[in-house]
Amino acid sequence: MENNYFLLILVFLVITLASLINYYDLKSLPSTIITGDFCTDFSNAFAGCRCQERNRFITDFNTNISNSLIATNIIGNYYKSINETCNNPECYDLGKGFYNCFCNEPIGVLRNNGEFYRIECNT
């Protein structure tokens, strides 16, 4: 009977110790601060990726982009207008008015107001 109490106390101590370690470990995690600046927030959220500093907004299309098909067409037309090749452009809805766009590799994020953020990621 004494062995059962000893095991019960030992299990309780282990659980308590694990809970304390977990509490203080989680408490020390850095919190992500949302600045409202897309490039800063994107770089904080996706380690190894950042907006291009020299050309953050490459164009303003002056339109309201409401779905990924329209975003894909705009990216394709943009590449044609600057005489660059982008075969099979694709954009995917990220929600909240943002579309992640690819041209065989990630090229940037398009907002529903037409702002385009060039993205560079280390692979």
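Rules behind the numbers
Positions within a chain are numbered from 1, following the residues in the order the chain's sequence is written. Only residues with pLDDT of at least 70 are given local features in this predicted model, and only at 80 or more are side-chain atom pairs given and counted; all residues enter the totals for whole chains, interfaces and linings. Note: side-chain values were computed over all heavy atoms of the structure, leaving out hydrogens and water. pLDDT measures the predictor's confidence residue by residue and takes values from 0 up to 100. Put simply, DSSP H or I for four residues or longer makes a helix, DSSP E for two residues or longer makes a strand, and each gets a number counted from the N terminus. Two cysteine sulfur atoms make up a disulfide if the distance between them is within 2.5 Å. Working definition: with a 1.4 Å probe on protein chains only, accessible area under 20% of the residue-type maximum means buried, over 50% means exposed, and in between means partly exposed. Residue types Ala, Val, Leu, Ile, Met, Phe, Trp, Tyr and Cys, when buried and joined through side-chain atoms within 4.5 Å, form a set referred to as a nonpolar core. The contact criterion used is simple: two residues touch if any of their non-hydrogen atoms lie within 4.5 Å. Here, strands pair whenever DSSP counts at least two bridges between them. For this analysis, a polar contact is any N or O atom pair within 3.5 Å, provided that within protein one partner can donate a hydrogen and the other can accept it, and provided that sequence-adjacent residues contribute only side-chain to side-chain pairs. Any two rings among Phe, Tyr and Trp, with Trp reduced to its six-membered ring, count as a pair given centres within 6.5 Å; such a pair is stacked if its planes are under 30 degrees apart, edge-to-face if over 60, and tilted if neither.

Engineer: Break down the confidence of the model for the protein for me, citing the residues and quoting the values.
Structural biologist: With 67% of its residues at a pLDDT of 70 or more, the protein has an overall mean of 76. Looking at the elements of the protein, mean pLDDT is at its lowest for strand E2 (residues 57-60), recorded as 58, and at its highest for strand E3 (residues 90-95), recorded as 92.

Engineer: Explain the state of the cysteines to me, using residue names and the numbers behind them.
Structural biologist: Scanning the model with the defined rule gives two disulfides in all. Between the sulfur of Cys86 and that of Cys103 lies a disulfide, 2.2 Å long from S to S. Remark: Cys103 occurs in the loop between strand E4 (98-102) and strand E5 (106-111) and Cys86 occurs in the loop between helix H3 (68-81) and E3; sequence separation between them is 17 residues. Judged on exposure class, the residue Cys86 and its partner Cys103 are both buried.

Engineer: I'd love a proper account of the nonpolar core, names of residues and values included.
Structural biologist: Within the largest apolar cluster, 14 residues are counted, with the highest numbers of intra-cluster contacts made by Ile75, Tyr99, Cys101, Ile107 and Leu110. For this core, the leading source of residues is H3, giving five residues. Ignoring anything within four residues of it in the chain, the contact list for Cys101 reads Ile75, Glu90, Cys91, Pro106, Ile107, Gly108, Leu110 and Phe116. Counting residues in hydrophobic clusters, the runner-up holds nine residues, among them Phe38, Cys39, Cys49 and Val109.

Engineer: Please set out the pairing of E5 residue by residue, giving values where relevant.
Structural biologist: Strand residues, when the strand is regular, have side chains that alternate between the two faces of the sheet. Strand direction decides the pairing type here: E4 and E5, joined by five bridges, are antiparallel. Note that in E5 the partner of Phe98 across the bridge is Arg111. Between E4 and E5, which pair antiparallel one after the other, the connecting turn spans three residues, and Asn104 there sits at a positive phi close to 70°. One ladder, built from three bridges, connects E5 with strand E6 (residues 115-121); its direction is antiparallel. Along E6, the bridge assignment pairs Val109 with Tyr117. Here E5 hands over to E6 after three residues, with Gly114 in that stretch at a positive phi of 100°.

Engineer: Help me get a handle on the environment of Tyr99, residues and values and all.
Structural biologist: Note that Tyr99 resides in strand E4. Since its relative accessible area comes to 4%, Tyr99 is described here as buried. Between the C-alpha atoms of Tyr99 and Thr72, which are 27 residues apart in sequence, the distance is 8.9 Å. Polar contacts involving the side chain of Tyr99 include one to the main-chain amide nitrogen of Asn67, which spans 3.3 Å.

Engineer: Outline the packing of aromatic side chains, supporting the account with residue identities and numerical values.
Structural biologist: Evaluation of the coordinates by the stated rule reveals two aromatic pairs. Their ring planes at 85° and their centres at 5.8 Å tell us that Tyr78 and Tyr79 sit as a pair that is edge-to-face. On the basis of relative accessible area, Tyr78 is assigned to the buried category, the value being 13%. When its relative accessible area of 5% is taken as the criterion, Tyr79 is described as buried. Aromatic pair Tyr92 and Phe102: ring centres 5.8 Å apart, planes at 70°, arrangement edge-to-face. A residue pair is termed long-range when its members are at least 10 positions apart, and Tyr92 in strand E3 and Phe102 in strand E4 qualify at ten residues. Residue Tyr92 is classed as partly exposed on the basis of its relative accessible area of 44%. For Phe102, a relative accessible area of 23% puts it in the partly exposed group.

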